[in-house]
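# Per-entry structural report
Here is what each chain is made of, one letter per residue.
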Amino acid sequence: MKEFKIRTQDLTLFYGEKMALNSISMDIPEKEVTAFIGPSGCGKSTFLRTLNRMNDLIPNVSITGEVIIDGVNIYDKQIDVVNLRKKIGMVFQKSNPFAKSIFENVAYGPRINGINNRTELQDIVETSLKKAFIWEEVKDRLHDSALGLSGGQQQRMCIARTLAVEPEIILMDEPASALDPISTAKIEELIFELKRNYTIVIVTHNMQQAARVSDYTAFFYLGELIEHGKTRKIFTTPDKKQTEDYITGRFG
């Protein structure tokens, strides 16, 4: 068993009066892919966003419990949220390129972090685009607008932009749901490669995708963590009938 990179303890979250997460305790191992599955509105994206404190940006949110990353509770008052988000990259459902060149998109994070040496930036951009499996497609058009890329290319460029600040954890919120099957396959292949060096947590509606890309799967329902374990076991011999019913399509 690999070391746990992330541990949550009794994590509960309310949006105003509405409970969105109910006492979630989960261990997420390092350099593995953990998938969150469950019907819409079950809390999986909310839970994902607690792992880099993105929910802090929403009014009337109250959170109790702990999220421990590398032994530190990230909800401690002393935590520098900017530094935290450097360590934990986020890839969204809809690719969100900036209206800048491909080069400037990927160089954006390193620049903010004080890297302005042109040669160093060029190295970071090239390395990040290679890691995101898109270098060969864009190397001759780095100074063209990122908005001219296809949807699948934009998403891989956004992954490159995430990698450019050297995170340790990558959170992905349905990264392929807006993409065609060929682009989806490229993203899945990329996830498989990235887990050699990064801890990856992915929210997906696509059960087949969870089965293909993840090592561990967590099934959420109505803000509760119903079951969590090795993906093969969750998909073949789940412990809970609710999990089995969801996976076999009886509800959800």
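Described below are features of the structure shown in this document. Bear in mind the structure is a predicted one, so any value in this text is a computation, not a measurement. (Residues numbered from 1 in each chain as written. Predicted model: local features only at pLDDT ≥ 70, side-chain atom pairs only at ≥ 80, totals over all residues. Heavy atoms only, no water.)

### So, the nonpolar core
By size, the foremost hydrophobic cluster in this structure holds 44 residues, and its most contacted members are Leu129, Ile159, Met172 and Leu194. Examining the composition of this core, we find that five residues originate from one element, helix 6 (residues 151–163), more than from any other. If we skip the residues at most four places from it in the chain, leucine 129 touches Ile102, Val106, Ile134, Trp135, Val138, Leu142, Met157 and Ala160. By size, the runner-up hydrophobic cluster in this structure holds 26 residues, among which are Cys42, Tyr75, Ile169 and Phe220. (Core = buried A, V, L, I, M, F, W, Y, C linked by side-chain atoms within 4.5 Å. Buried < 20%, exposed > 50% of the residue type's maximum accessible area, 1.4 Å probe, protein only. Helix = DSSP H or I, 4+ residues; strand = E, 2+ residues; numbered from the N terminus. Contact = heavy atoms within 4.5 Å.)

### Side note on the side chain of serine 128
If you trace the backbone, serine 128 turns up in helix 4 (residues 118–131). If near-sequence neighbours (up to four positions away) are discounted, serine 128 is found in contact with Val106, Ala160, Leu163 and Ala164.

### Re helix 3 (residues 102–112)
Considered for burial, the residues of helix 3 that qualify are Ile102, Phe103, Asn105, Val106, Ala107, Gly109 and Pro110. Buried residues along helix 3 sit against helix 4, helix 5 (135–138) and helix 6. Glycine 114 occupies a position one or two residues after helix 3 and carries a positive phi of about 95°.

Geometric values such as these leave the question of function open.
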